[in-house]
Amino acid sequence: MISDTFSRLEKLKKERNAVILAHYYQDPDIQDVADFMGDSLALAQYAVKTDADVILFCGVHFMCETAKILNPDKRVILPDMDAGCSLADSAPHQKFKAWVDSHPDYTVITYINCSAGVKAASDIICTSSNAEKIINSLPEDEKIIFAPDKYLGAYLQKKTGRDLLLWDGSCQVHEIFSERELIRLKTRHPEALVLAHPECDENILRHSDHIGSTTSIIKFAHDSNLEKFIIATEPGVIHQMEKENPHKTFIPLPTNDGCACNECPHMRLNTIEKMVVALETMSPEIILSEELRLQALAPLERMLALS
Ligand code: 13P
Ligand code: SF4
């Protein structure tokens, strides 16, 4: 039955000339059938160059929307339309636009984890891979708004030495990692390195040996001579790390409510079965007005040119 589902998916993919893109926070089963995996930047870059007619995007809504903004002529479908993002939701676009309009002398750099409406109200988009570079590309005296993630913003403030005006948003997954558990794990495994995503609170980042995007965390673990790592991001990344480094040990950091694992509830709504239905019915599909798409495209293109 399960193998029927996988062969049905393969058959539909060929019939539709579809490509499957997946983020590292997807279930291992989805990661294993993906044609391309990446962090938010790599997925956006891949979406520009694919020649498939259909993009089946296994990630969350803002990622699928980004693929559609960059690919108006392709059909972008997702397994579950409810796969949202708490960080994107923390910046409702009308409220965000009013705030930005009240700071007309600021350049607005917005993390890609936001809706098309928020992108449209921004000057440049960034991801965790290129945020530092994008901030540093602006003149020293430029007044900068950074949104919507206050933790990533605080981290970038420290890294770049710039005074950023921050929106008060956060990721529900990264903000609940437990500092107490991290200290306990470090005591028990003194030889382990801590690898963290910059969406984490400073109380986690200050104990970390490497801070970066999902791709950068996976690459660091691969390139390191050391054998044990404590992982402070969504544990989906551990699937790739274990595949690439079967002899190394990866310990997911628990949350402050005692849960041993901290999966993103939005990312994990996608399933192989829903992927089959999406390709069968060509829905749910991302549809955007051309006016909004063009407004959101300009700051995304600025990011791609700077990346
Ligand atoms: P990256 O894969 O770009 O590091 O993003 C992490 C994330 O939270 C995506 O929602
Ligand atoms: Fe959004 Fe956080 Fe889930 Fe990423 S991990 S999709 S930022 S809620």
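Residues numbered from 1 in each chain as written. Chains lettered and ligands numbered in written order. Predicted model: local features only at pLDDT ≥ 70, side-chain atom pairs only at ≥ 80, totals over all residues. Heavy atoms only, no water.

Visitor: Just checking my understanding: could you explain the overall build of the chain for this structure?
Guide: Across its full length, the chain holds 15 helices and 12 strands. Across its three principal directions, the C-alpha atoms of the chain cover 50 × 50 × 30 Å. Sequence separation of at least 24 residues holds for 64% of the intrachain contacts in the chain that already meet a minimum separation of 6. A total accessible area of about 13,100 Å² is found for the chain, and carbon and sulfur atoms account for 51% of it. Distance from the positive charge centre (31 side chains) to the negative charge centre (46 side chains) of the chain: 2 Å. (Helix = DSSP H or I, 4+ residues; strand = E, 2+ residues; numbered from the N terminus. Contact = heavy atoms within 4.5 Å. Areas by Shrake-Rupley, 256 points an atom, 1.4 Å probe, with all protein chains shown as cover. Lys, Arg positive; Asp, Glu negative; His and termini not counted. Charge placed at Lys NZ, Arg CZ, Asp CG, Glu CD.)

Visitor: Please explain the site of ligand 2 as it appears in this structure.
Guide: All residues adjacent to ligand 2 are Y25, V60, C85, S86, N113, C171, V173, E199, C264, H266 and M267. Its atoms largely coinciding with the cavity grid, ligand 2 occupies the largest cavity. (Near = heavy atom within 4 Å. 1 Å grid on protein atoms, 1.4 Å probe; cavity = no way out; pocket = protein on both sides within 12 Å on 5 of 7 lines; lining within 4 Å. Sits in = over half its atoms within 2 Å of the grid points.)

Visitor: Explain the pattern of salt bridges to me, please; I cannot follow it from the model alone.
Guide: Note that side chains of opposite charge can pair when their charged atoms are close. Taken as a whole and judged by the stated rule, the model has 19 salt bridges. The shortest N-O distance in the salt bridge between R8 and E280 comes to 2.9 Å. With R8 in helix α1 (residues 2-16) and E280 in helix α14 (residues 272-281), the pair connects residues that are 272 residues apart, well separated along the chain. Given the relative accessible area of 32%, R8 is considered partly exposed. On the basis of relative accessibility, which here comes to 34%, the residue E280 falls in the partly exposed class. (Salt bridge = Lys/Arg side-chain N within 4 Å of Asp/Glu carboxyl O. Buried < 20%, exposed > 50% of the residue type's maximum accessible area, 1.4 Å probe, protein only.)

Visitor: Can you walk me through the packing of helix α4 (residues 61-70) against helix α15 (residues 290-306) in this structure?
Guide: Helices that pack against each other are described as a pair by the angle of their axes relative to one another and the distance between those axes. Running from amino to carboxyl end, α4 crosses α15 at an angle of 95°, the nearest separation of the two axes being 9 Å. Looking at the two axes, α4 sits roughly perpendicular to α15. Taken together, the residues of α15 that come into contact with α4 (itself represented by T66, K68, I69 and L70) are R293, A296, L297, L300 and L304. For the contact of α4 with α15, the class distribution of residues is 6 nonpolar, 1 polar and 2 charged. (Axes fitted to C-alpha atoms, helices over the stretch in contact; angles between N-to-C directions. Parallel < 35°, antiparallel > 145°, perpendicular 65-115°, else oblique. Nonpolar A, V, L, I, M, F, W, Y, C, P; charged D, E, K, R; others polar.)

Visitor: Would you mind showing me how to read the sheet that holds strand β9 (residues 193-196) here?
Guide: Paired through backbone hydrogen bonds, the strands of a sheet run either parallel or antiparallel to each other. Strand order in the open sheet made by the 4 strands is β10-β9-β11-β12, with parallel pairing throughout. The outermost strands of the open sheet, each flanked by one partner alone, are β10 (210-211) and β12 (249-252). Sheet analysis places β9 next to β10, joined by 2 bridges and oriented parallel. When the bridges of β10 are listed, A196 appears paired with I211. (Pairing = 2+ DSSP bridges.)

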